[in-house]
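Summary of structural features
Next come the chains, spelled out residue by residue.
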Amino acid sequence: MQVENFVAHRGWRQHYPENTLIAFEKAIQAGAVNIELDVQLSADHVPYVFHDANLMRMCQREGFIWDYPAAELDTFFATESYRLGNAFPDNPMCRLSDIVALLQTNPAVNAYVEIKEESLTQFGEQIVVDAVINALRPVASRCILISFELSALRLALHEGWQRFGAVFDVWPDPQSAALVELRPEVLFCDRNCVPIDLHLSTLPWPVLIYEVGSKTEAEDWFSRGAVAVETFLIGELLKDFALHTGM
């Protein structure tokens, strides 16, 4: 296996608040060359790296991310304290522009950028897609747009974006017209939705499996034809596969 076969799911989430700059920085320091992140929009359409629409789990704040303008969100702390306690009391929320800067200083790193359906529903596809692709343009060649919502990806395709992946938590039709049009570089598939006897190398698109939590599990998916695995334990898996010695 190569380091390219592993994706840091929301950064090095095992030890750091997910989808925040420190989680991605630490993942890269651990050897990751592929990171995955989620995007939601603020009230004034600024893209933030954030999984939930609701702010409570990450920031212990009432309401939704789109209830607040960016200037106010920048004063919130993404501590994920329910899981991590008081380890990161002053950890800021992460704008998508922060990831662009991180990629610019780490030219070997690629990002899978997931457009979340909650913001698509709240604002409409045009506003969300435009906000995301405009923010990512300085590092477009190293950013793969992914989403459960293939219509949003098709809109980005029609606006000139070139790199795509699709995300599924139920087994897809690999010959669907939407996938044929998008020509995805990879399908992100929930490990629980893959047919038991299917060898993934028989499919027309490369398959990445999420969420993988051990070397044994990763080896099993590689043996079944997965091209990559996504994990919250990026440093641990890279060390287990002897792909990086630092932790």
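Below: a short report on this structure. (Residues numbered from 1 in each chain as written. Predicted model: local features only at pLDDT ≥ 70, side-chain atom pairs only at ≥ 80, totals over all residues. Heavy atoms only, no water.)

1. Thoughts on the environment of Thr 216
Following the sequence through the fold, Thr 216 ends up in helix 10 (residues 215-223). The exposure class of Thr 216 is exposed, given its relative accessible area of 60%. Sequence separation between Thr 216 and Val 167 is 49 residues, and the spatial gap between their C-alpha atoms is 23 Å. (Helix = DSSP H or I, 4+ residues; strand = E, 2+ residues; numbered from the N terminus. Buried < 20%, exposed > 50% of the residue type's maximum accessible area, 1.4 Å probe, protein only.)

2. Comments concerning the pattern of salt bridges
Using the criterion set out here, one finds 14 salt bridges in the structure. The residue Arg 13 makes a salt bridge to Glu 80 at a minimum N-O spacing of 3.3 Å. With a gap of 67 residues between them, Arg 13 in the loop between strand 1 (6-9) and helix 1 (21-29) and Glu 80 in the loop between helix 3 (70-73) and helix 4 (81-84) connect regions that are remote in the sequence. A single burial state applies to Arg 13 and to Glu 80, both of which are buried. Through salt bridges with shared partners, a single ionic network connects Arg 10, Arg 13, Glu 18, Asp 38, Asp 52, Arg 57, Glu 80 and Arg 83. (Salt bridge = Lys/Arg side-chain N within 4 Å of Asp/Glu carboxyl O.)

3. Brief notes about the packing of aromatic side chains
Scanning the model with the defined rule gives 9 aromatic pairs in all. When the centroid spacing of 5.0 Å and the interplanar angle of 80° are considered together, the rings of Tyr 68 and Phe 76 count as edge-to-face. Phe 76 shares its class with Tyr 68; the two are buried. Ring geometry for Phe 222 and Phe 241: centres 6.2 Å apart, planes at 85°, overall edge-to-face. Here Phe 222 is found in helix 10, whereas its partner Phe 241 is found in the segment after helix 11 (234-240), with 19 residues between them in sequence. Each member of the pair, Phe 222 as well as Phe 241, carries the same accessibility label: buried. By way of ring pairs, the aromatic residues Phe 6, Phe 222 and Phe 241 are connected into one cluster. When the ring centre of Phe 241 is taken as reference, the NZ or CZ atom of Lys 215 above it lies at 5.5 Å. (Phe/Tyr/Trp six-rings, centres within 6.5 Å; stacked < 30°, edge-to-face > 60°. Lys NZ or Arg CZ within 6 Å of the ring centre and 35° of its normal.)

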